[in-house]
Amino acid sequence: MDPAGPGEPRDAASAAPAPAAAAPPPAAARGDSSSQPLLSHNEEPTPRYVSETAGTPPPTAVVEGVYPLQVLPSSSGAPAAAATAVPAADPHAGDDSPVPTTASSAGGATTATGHHNFEVIEIDHRRNVLLYRGDEAVESPNDILLTPEPMDARLGARQNGLSSDEASRKLSDAARAALDEVTSRIWADTPSWSTFFLRADLAITVLQIILIIAYLATGPTPATVDTPRMVTGGLGLELALLVALVAWNAFLFYSQVEAPTRQVLIRAKNAIDLLSRAGLNTVQEIKIPSVPSAPIVKVVRDGVVRSIPAVLLVEGDIVELHFGDLAPAACKYVYVTKHKPGAGDRPEYALDSGQGFRPTLFGVPPPQLMRLESQLNHGRFQFRLTATPVVPVLMSLAQARPRTVMTNQLLRLQAAAQRVILVLYILSLAVALVRHYVLGHGTALGMAVAAFSVVLPLVPLLVPTLYLLFRSFGNAHVSVLWEELQTSKTDYEDADEDEFDVEAPPPTKEVTLAKFDVLAQALRIDTSDLTESLGSITVLCFVDREGTLTEAFPSVDQIFVPPDAILDVGYTPDGRFVFEDRDWAAQMPLLKPLGLAWMCLTHCDLRKTEPHRNLAALHIHAHTKASRQTCLCPLARQIGFLGPPDYLVPVKEIFTLAPYHPSLDPLQDGVGEEDEGQAGSAAALGKSTARSMTSLAALRRRGTATSGPVAPSSSGGAIPEADEPGGSSSGDGPASHHHASHHHHGGEHDLLLEYDPYHAPADPSGPMVRTLPDYEFEVPFLHTMLLQDARSGHHQLISAGSVESILDVATDVWLGDDLVPLTDHQELAIVEWYWNTVMNDHQIVAYAYKPVLDAVTCFPGGSGGVGEDGADAFVYLEIPHQPGGGGGGGAVPRRGSAEELGAAGPAAPAPPGPPPIPEVRVAATTSGPLPALPDSVNEKKMKPLDDDDDDTRVPAEPASPTLADPAAAAVDAPPPPAFPARRRSQVRAINPVHGLTQNQIFLGLVAFAHEPKEDVCDAIEDIGLAGIRFVYFSPTNERQTKAFGERLGLDTGWNSCILLSTPSDPHASPMYMERTDIKARLPRGVDAIRAHLHDVDDIPLHVSLFAESSPASVAGMVRILQEHGEVVCAMGSTLNPANAGIFRAADLGVGVQPVPIKNTSPTARHVPPLALGSTLVSLPCPLVMHPDTSLYAFTQLVREARRLCRAARQGMILAAAGAGLMSLVQLAALAVLLPTWRAWLLMWVAWVLVPILGATYASNPHEPETMKEFTERNAEHVRDLRRFARYFVWRFAVPVVATVYCYGVALAAQLPAGESWEKVFTNAVPSVQAELVACTALVIFLCTASATMVHRTQPLWAYSPLRNRWWCVAVVIILAIHLAIVFVFAMPTLSALPWQFHAVVFGSLPVQVVIHEQIKKLDCRQWVRFQKRSKLEFNTRLGMHSPI
């Protein structure tokens, strides 16, 4: 029986396991199932959260509903933990956990025996799966982990998961089914054919086709100087072209239904086909980081744990989750223990997709069965997926994106053109019929056919084709340029004259594009809206930061060393850490212990110079933040280390986790009114651990605030919101017994917000519940390395961990020249700095040290308790829930302290068991140097600080003795006083191994921050000049979001941050933290923002920071921005499946690879998981950015897209102007009784020559002001259409009159000698020669207009068309062709032309140029006014309730 009683925590002696040397009972050794079990059904199991390497396991264990299993001893003399486990009773296994298979059954390899005897075993040649021994199983490039540990087999087995082939097949089937569903949804949204045919231009064209057929069928020939064959051939050519173009447009209408997603679906199909053909490669090319932007999940495949992207998981996969991980998909917990039939149904624990896995899932306190499950899992809980993550990723492709700015402008112009075409056709048809019936010109059918020539140039039959050609060429040009920019090694550098110019555009670099590459890319016919969206971006938003905006791992920003020294740390351009303080060397006695800790606790390759990852087995058993993966050995080198000391030999690694720590739990159910009534008393503070973050905030408030109401703490005690100034922080003394009042003090609420933004309820006097968001949740941990000094044989402990865990075990503090007890005042300084840095978006790692002077006997093995057999093993400790300690291994005063003697009375006699570990106390004296941590110097590894990196220098001598020196330490200490001066450890030791980690010496804190990548801050500033607003969607709270925004260079004053969460959302902060004299009324949540924009002002559209965002709220905010005319480009990680919906919702998605990813070849033998996962998530993204690509590459791409879009607009304007010019010429000719031109001649000019001139604008040179001008928003398109109509009339009035005059003169030149020119109007006889001559004059006018339209606003002499060589070549060729045609086919007419003809043609050119330039000047004024108005709106955040 347990002497402590059921449910009661036991002290260190009773909780400790049997000594390592203790032999198992004879019955257990013989395998006798009748031996007395250690636990009975009416007893709770002793929480023995220690790895099998930490002690001998019990012979048998019985938990209700679980099979009793026997552990047989190893015949080789190894610890019993490594022995084989066999069932002792019913051999049937439950459905939850099948019997584990050996390595050979999983892959056909030989069986590995023993816990630490895994040799290199090849499981499958096809998948290249390898198992490594020892730490290499974790640290190997393959990143493969070992499956079930022998300890697990005592009560059950862990799942072996799916096979690789089965998982690949299920992934392929699910992806193909999703793609089929996406395709069907896309085709279900096909617009009706009525929208194609019910158009004025198409109806008129069809009518013209019918009229031509009827006219040819009747056979009458009109009066003409041309041969009948020429007339019939011309009409037949017109008929064929019209029919072909109508059919072609119908085909484009049908085929463009899936055009926006055609390339996406092709990429997805190719990726799935490659996976089905080659299979997934299980060999990892790189070290995969554990950061939020790259959710890599540990999944069990073929009995081996592999790390693969979350998007590659399938339904039925077994994944291993740690406390703090996010569920990659909907999943259910898989029990390790076998389920005994008839024992009743077990509770089902399930997680939704994206839900954080926390200890509260199993309840607080957890049930007895889950305590055993947690012990066997060692922090690695298995869940079975009930959904496939790739399905929602692919289904997001069915979402429709908004139309681009250019598309909407074209649709607006098309709608106006439909009305113009209809009016012109009716007018021309009426004039033609009047001429026939009144003047007798031609036949009625012939005049009706001729009337179509007026509207023929305006019929947009070729516009869709030209538009798609522009898209295909533009996308090809942008894609090739993007690849060249990413592969170019040239740095982006500002010009010397622009280095300090705040108005300078973003820098660029020169790259050369191969024309054949662009042509080959264009032949793929990518008609997506990539170029248009790039050229119209008004908002650039980031949805991730790790690996996108910043490096994957944070860098060191500050170091806190006691008592209150703070050192700022920076880094050089080559990535090396440097101390920014000039006198940092004065803190060398404090930095040396930290440097040694950094060297001893790293698992990186010390030969590397670039930033690299600190790997440890801790990542296998716990969810760790990115700060725990940042290696600090480069910073240790800066202090002077060349490596860890040779004489310090690593012996054991101990990982201690506290999943039920009070800092993680909300308000406990056991807190009653009696606890609230004890607010401010020593008993209340004693019940709540002073190490929880909430209690630490209370400790801060007790020293600064005044009296006020009391709120219960998260650890079960009470937190006085305000006490008398100067009150004792230890809970003793008069100040701590001050009675609470029931009024609210204004300053207390601000202080509460400053240190704990998750409290602050609507009623400040009510309870405060701390609920950590998922991004901040991390189980408090302690990573301890046990080292042995080869010189003296003594052991030393070096620990790193969370601040809560370090403060739980730290009793002393090292001040550089003195070792003193850790007092409340010193702890207050640590807590203040910790809170401030955390709330400023930092991650903190604490460090501690302890000398171990006695023999270590708590580990199994050889002599000294630390044998060679288990030297490469690690110990996993999990602090159980302690009901008496406030919910999580909380405030349990150590025996012998004044608190225990005064509050609990005489201590009960200790139950029989192994003696507790001796307490190590260090004599605190101020005379002479105190024993210290081994100096960061040692005679083999340390070098002088003023030396360079030459390893051949003579090392320096040690500066101080070590704590391992027995002469410098004392084991005994005087009895404690009534009020202890030293702060005691607050966590009860659960076994000797845990006790070994107690009573450590606090060394310092290191603050890590995510610093922006190179060029990010400058690029953010530069894109603002171009009218592109930078927006960052952050999952963190308001203060942390603003802190990161300050690093990005963003304005973080008032009206700078909006919360996307609602107060009802889980883990959401209750209110804004703005502290302005005039409160700004900012909305909160997507629905409130939409209502605010409708009813109040547009402040949310001008904000650059959005806090507490989720993927759903980000997508909702993106749609709100689009509803108000913004063109949004979303950038995020290509490994985060949650980004797929955001990428698709935005106008343009750009995926950023958070880590280097090797591209997949179509002929690859195996598909790398990272490459496949990145491809699937980035399917909505036409552009993917490498992790080392500068953000300036993207700005240069935007610059190129703007140039192409402006060129396309000018080309379309030229085409529209040319069509309008020809249409007015035909209408004027028809009105003045001249014959209209032949349709094929109009088609030649309108559909061939003018598009060629417009296409040459794609080669226009760059404008210096391109990235300093604002673009049009996607709203209220072509508002001033009447102004542009006036511009057209003014520009082309002279060419219309001149062309009609030249046409009449050419017709008159063909009259017989002596006939009056009036017969030209009375006879109205068409002549192809006269039409060719007049058409040549029209072409000259169009070439002149094209020269002035190269740029919209700049004058001809400022932006010369001669800089565009392709335009020059096109103009020369076009004029040469027309002159050659005229000289060949119309020479008689040309020779008969009077001099007035040439005078009008060439004399009007200067007049036309002057008119064009004057119109451009008027347009320039409007453009400048638009720029000023846009910049004013862009740079202001004044709203209805904003401060003035």
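To be clear, the structure that these remarks concern was listed above.
Quick caveat: nothing in here was measured; it's all calculated off a predicted structure.

Q: Could you give me a rundown of the overall build of the chain, with the residues and numbers involved?
A: If you tally the helices and strands in the chain, you get 41 helices and 31 strands. Counting the 1444 residues in the chain, one finds 57% classified as buried. The contacts in the chain between residues at least 6 apart in sequence include a share of 78% that link residues at least 24 apart. With an accessible surface of roughly 57700 Å², the chain has 59% of that area assigned to carbon and sulfur atoms.

Q: An account of the sheet that holds strand 31 (residues 1183-1185) is requested, with residue identities and associated values reported.
A: A sheet is described by the order of its strands in space; here seven strands give the open sequence 27-28-26-12-29-30-31, paired in parallel fashion. Strands at the two margins of the open sheet, each flanked by one partner only, are strand 27 (1057-1059) and strand 31. Ignoring which end each strand starts from, the neighbouring axes of this sheet average 20° apart. The sheet contact formed by strand 27 and strand 28 (residues 1105-1107) spans three bridges and is parallel. Its bridge partner lying in strand 28, Leu1059 is registered against Ala1107. Contacts from helix 31 (residues 1111-1123) reach strand 12 (539-542), strand 26 (1029-1033), strand 28 and strand 29 (1128-1133) within the one sheet, and its direction differs from that of strand 29 by about 160°.

Q: Kindly report on the pairing of strand 14 (residues 565-571), identifying the contributing residues and their values.
A: Pairing analysis gives four bridges linking strand 13 (residues 555-561) to strand 14, with the strands arranged antiparallel. Across the sheet, Gln558 pairs through a bridge with Asp568, a residue of strand 14. Of the pairings in the sheet, the one linking strand 14 to strand 15 (residues 577-579) comprises three bridges and is antiparallel in character. Note that in strand 15 the partner of Tyr571 across the bridge is Phe577.

Q: Hey, could you go over the nonpolar core for me, with residue numbers and the actual values?
A: For soluble globular proteins, the rule of thumb is that nonpolar side chains tend to be buried together. Grouped together as the largest cluster of nonpolar side chains are 87 residues, with contacts concentrated most on Leu242, Phe452, Leu456, Trp1237, Val1245, Trp1247 and Leu1253. When neighbours within four sequence positions are excluded, Leu1253 is seen to be in contact with Leu1214, Leu1342, Cys1343, Ser1346, Trp1367, Ala1370, Val1371 and Ile1374. Grouped together as the second largest cluster of nonpolar side chains are 74 residues, Leu540, Ala1019, Ala1107 and Phe1194 included.

Q: Describe the pattern of salt bridges, listing the residues and the values that go with them.
A: Per the stated rule, a full pass over the model turns up 29 salt bridges. A salt bridge links Arg169 to Asp173, with the shortest nitrogen-to-oxygen separation between them at 3.8 Å. In this pair, Arg169 and Asp173 both sit in helix 5 (residues 164-188), four residues apart, roughly one turn of the helix. Classification of Arg169 as partly exposed rests on a relative accessible area of 46%. Of the residues examined, Asp173 reaches a relative accessible area of 43% and is grouped as partly exposed.

Q: I'd like a description of the side chain of Asp812, backed by residues and values.
A: As for its placement among the helices and strands, Asp812 is situated in strand 21 (residues 810-814). For Asp812, a relative accessible area of 5% puts it in the buried group. Engagement of the side chain of Asp812 in a polar contact is seen with the side chain of Thr811, the distance being 2.9 Å.

Q: Before we move on, could you go through a nonpolar patch on the surface and cite the residues and values that matter?
A: On the surface, a nonpolar cluster with roughly 520 Å² of combined accessible area is contributed by Leu1379, Phe1383, Val1384, Phe1385 and Met1387. When residues in the nonpolar patch are grouped by element, the largest group, four residues, is from helix 39 (residues 1365-1385). Positionally, Leu1379 belongs in helix 39. The class for Leu1379 is partly exposed, based on a relative accessible area of 41%.

Q: Can you tell me about the environment of Val391, naming the residues and giving the values?
A: Residue position: Val391 is located in helix 11 (residues 390-395). Accessibility expressed as a relative area gives 30% for Val391, which makes it partly exposed. For the pair Val391 and Ala174, spaced 217 residues apart in sequence, the C-alpha separation works out to 6.8 Å. Among all residues touching Val391, those that are not within four sequence positions of it are Ala174 and Ala178.

Q: Please give an account of the packing of helix 36 (residues 1281-1309) against helix 38 (residues 1328-1348) that cites residues and values.
A: Orientation of helix 36 relative to helix 38, taken along the N-to-C sense of each, is 160°, at an axis distance of 8 Å. Classed by the angle they form, the pair helix 36 and helix 38 counts as roughly antiparallel. For helix 36 against helix 38, the interelement crossing comes out right-handed. Residues Arg1291, Phe1292, Pro1295, Ala1298, Thr1299, Cys1302, Tyr1303, Ala1306 and Leu1307 of helix 36 form the contact with helix 38, whose participating residues are Ala1330, Glu1331, Val1333, Ala1334, Ala1337, Leu1338, Phe1341, Ala1345 and Thr1348. A class-by-class count of the residues in the contact of helix 36 with helix 38 yields 14 nonpolar, two polar and two charged.

Q: Which residues make up the side chain of Ser1104, and what values go with them?
A: Tracing the chain through its elements places Ser1104 in the loop between helix 30 (1086-1095) and strand 28. Polar side-chain contacts of Ser1104 include one of 2.9 Å to the backbone oxygen of Phe1030. In contact with Ser1104, other than residues within four places in its own chain, are Arg1029, Phe1030, Val1031, Tyr1032, Leu1050 and Ser1056.

Q: Can you tell me about the packing of aromatic side chains, naming the residues and giving the values?
A: A complete count under the given rule lists 34 aromatic pairs for this structure. Between the aromatic rings of Trp193 and Phe196, the centroid separation amounts to 5.8 Å while the plane-to-plane angle is 90°, which identifies the pairing as edge-to-face. What makes Phe196 buried here is its relative accessible area of 3%. A ring pair is formed by Tyr333 and Phe383, whose centres lie 5.5 Å apart and whose planes are at 70°; its orientation type is edge-to-face. With a gap of 50 residues between them, Tyr333 in strand 9 (residues 331-333) and Phe383 in strand 11 (residues 381-385) connect regions that are remote in the sequence. According to the relative accessible area criterion, Tyr333 is buried, its value standing at 7%.

Q: Now, about the sheet that holds strand 7 (residues 304-309): what can you tell me, with residues and values included?
A: Ordered in space as 7-6-8-11-9-10, the six strands form an open sheet in which the pairing is antiparallel. Each of the sheet's edge strands pairs with one partner strand only, and the pair in question is strand 7 and strand 10 (350-351). Pairing geometry for strand 6 (residues 296-301) and strand 8 (residues 318-321), over three bridges, is antiparallel. Considered in strand 8, the bridge of Lys298 is made with Glu320.

Q: Could you give an account of the pairing of strand 25 (residues 1000-1009), with specific residues and numbers?
A: The side chains of a regular strand alternate, residue by residue, between the two faces of the sheet. A large share of strand 25 lies buried, amounting to 10 of its 10 residues. Inspection of the sheet shows strand 13 paired to strand 25 by five bridges, in the antiparallel sense. Directly across from Ser555, in strand 25, lies its bridge partner Ala1009. Relative to strand 25, strand 23 (residues 843-852) runs antiparallel, the two being bridged by seven bridges. By the bridge assignment for strand 25, Gln843 is matched with Phe1008.

Q: Hey, could you go over helix 31 for me, with residue numbers and the actual values?
A: The terminal C-alpha atoms of helix 31, which comprises 13 residues, lie 18 Å apart, in line with the 18 Å expected from a rise of 1.5 Å per residue. Those residues of helix 31 not exposed but buried are Ser1113, Val1114, Ala1115, Gly1116, Met1117, Val1118, Ile1120, Leu1121 and Gln1122. In this structure, the buried residues of helix 31 make contact with strand 12, strand 26, helix 30, strand 28, strand 29 and helix 32 (1139-1145). A positive phi of about 90° marks Gly1125, the residue just after helix 31.

Q: For the packing of helix 38 against helix 41 (residues 1395-1435), give the residues involved together with the corresponding values.
A: One can describe the packing of helix 38 onto helix 41 by two numbers: an axis separation of 10 Å at closest approach and a directional angle of 25°. Judged by the angle between their axes, helix 38 and helix 41 are roughly parallel. The element helix 38 and its partner helix 41 pack so that their crossing is right-handed. Residues Val1333, Ala1337, Ile1340, Phe1341, Thr1344, Ala1345 and Thr1348 of helix 38 pack against Phe1397, Val1401, Ser1404, Leu1405, Gln1408, Val1409, His1412, Glu1413 and Lys1416 of helix 41. Residue composition of the contact of helix 38 with helix 41, by class: nine nonpolar, five polar and two charged.

Reading guide: rules and limits
- Residues numbered from 1 in each chain as written.
- Predicted model: local features only at pLDDT ≥ 70, side-chain atom pairs only at ≥ 80, totals over all residues.
- Heavy atoms only, no water.
- Helix = DSSP H or I, 4+ residues; strand = E, 2+ residues; numbered from the N terminus.
- Buried < 20%, exposed > 50% of the residue type's maximum accessible area, 1.4 Å probe, protein only.
- Contact = heavy atoms within 4.5 Å.
- Areas by Shrake-Rupley, 256 points an atom, 1.4 Å probe, with all protein chains shown as cover.
- Pairing = 2+ DSSP bridges.
- Axes fitted to C-alpha atoms, helices over the stretch in contact; angles between N-to-C directions.
- Core = buried A, V, L, I, M, F, W, Y, C linked by side-chain atoms within 4.5 Å.
- Salt bridge = Lys/Arg side-chain N within 4 Å of Asp/Glu carboxyl O.
- Polar contact = N/O pair within 3.5 Å; in protein donor to acceptor, adjacent residues only side chain to side chain.
- Patch = residues over 30% accessible without salt bridge, like charges linked within 9 Å, V, L, I, M, F, W, Y side chains within 5 Å.
- Parallel < 35°, antiparallel > 145°, perpendicular 65-115°, else oblique.
- Left-handed = near helix turned anticlockwise from the far one by under 90°.
- Nonpolar A, V, L, I, M, F, W, Y, C, P; charged D, E, K, R; others polar.
- Phe/Tyr/Trp six-rings, centres within 6.5 Å; stacked < 30°, edge-to-face > 60°.
- Expected span 1.5 Å × (residues − 1).

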